Amino acid sequence: MSGKSGDRQLEAAAAMFDALSDTPRLRTLMLLAERDLSVSEIAAAEGEKLTTVSARLQILHAARLITRRRKGKSVIYSIADNHVLTLVENAVAHAGESA
């Protein structure tokens, strides 16, 4: 990885880590690791306002960590891919290791 292409990749990775640097966003990703959910289901599970969860989901989506699809009148959110799932699971597991 070198040159401008490599720099763009590093910037995108940094943006992903920035999005991951918030405990509530990580909690949301852990919920989505279990199953795909709508914003109202996430809000109910986390005991949060819809607007708070919606803003959180917008950040995660902008960082390409989650995807969304329409199902009837609802928007369903899911983990973007196995790379994201593995990254989040490894980060949480690593944080739980004793030093």
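Look up: the structure comes first, before these words.
Numbers given to residues run from 1 along each chain, matching the order in which its sequence is written. In keeping with the model being predicted, local features are shown solely for residues with a pLDDT of at least 70 and side-chain atom pairs are shown and tallied solely at 80 or more, while totals for entire chains, interfaces and linings include all residues. Side-chain metrics in this entry use all non-hydrogen atoms of the structure; hydrogen atoms and water are not considered.

Visitor: Explain the overall build of the protein to me, please; I cannot follow it from the model alone.
Guide: Only runs of H or I of at least four residues qualify as helices and only runs of E of at least two qualify as strands under DSSP, and these elements are numbered from the N terminus. Helix and strand counts for the protein stand at five helices and three strands. When the elements of the protein are put in sequence order from the N terminus, they spell out α-α-β-α-α-β-β-α. For the protein, the C-alpha atoms occupy an extent of roughly 45 × 35 × 20 Å along the three principal directions. With 99 residues in all, the protein has 26% of them scored as buried. Restricting to contacts in the protein with at least 6 residues of sequence separation, those with at least 24 account for 45%. A 1.4 Å probe and the Shrake-Rupley method give the accessible areas. Residues count as covered only by the protein chains that appear here. Counting only carbon and sulfur atoms, one obtains 52% of the accessible surface of the protein, whose full area is about 6700 Å². Charge centroids of the protein, computed over 13 positive and 12 negative side chains, lie 10 Å from each other. Partly exposed residues are those whose accessible area sits between 20% and 50% of the maximum for their type, while under 20% is buried and over 50% is exposed, using a 1.4 Å probe and protein chains only. We call two residues in contact when some of their heavy atoms are within 4.5 Å. As used throughout, the charge tally considers Lys and Arg to be positive and Asp and Glu to be negative, leaving His and the chain termini uncounted. The atom standing in for a charge is NZ when the residue is Lys, CZ when it is Arg, CG when it is Asp and CD when it is Glu.

Visitor: Whenever I open this one, the pattern of salt bridges confuses me. Can you help?
Guide: One side chain can pair with another of opposite charge once the charged atoms of both are near each other. We count a salt bridge whenever a side-chain nitrogen from Lys or Arg sits within 4 Å of a carboxyl oxygen from Asp or Glu. A full pass over the atoms with the stated rule returns four salt bridges. The closest approach of N and O atoms between Arg 69 and Asp 36, which form a salt bridge, is 3.2 Å. Taken together, the residues span a long stretch of sequence, with Arg 69 in strand β2 (residues 66-71) and Asp 36 in the loop between α2 (23-34) and β1 (37-38) at a distance of 33 residues. Ionic pairing is found between Glu 48 and Arg 56, a salt bridge with its closest N-O pair at 3.5 Å. Put simply, Glu 46, Glu 48 and Arg 56 are held in one network by salt bridges that share partners.

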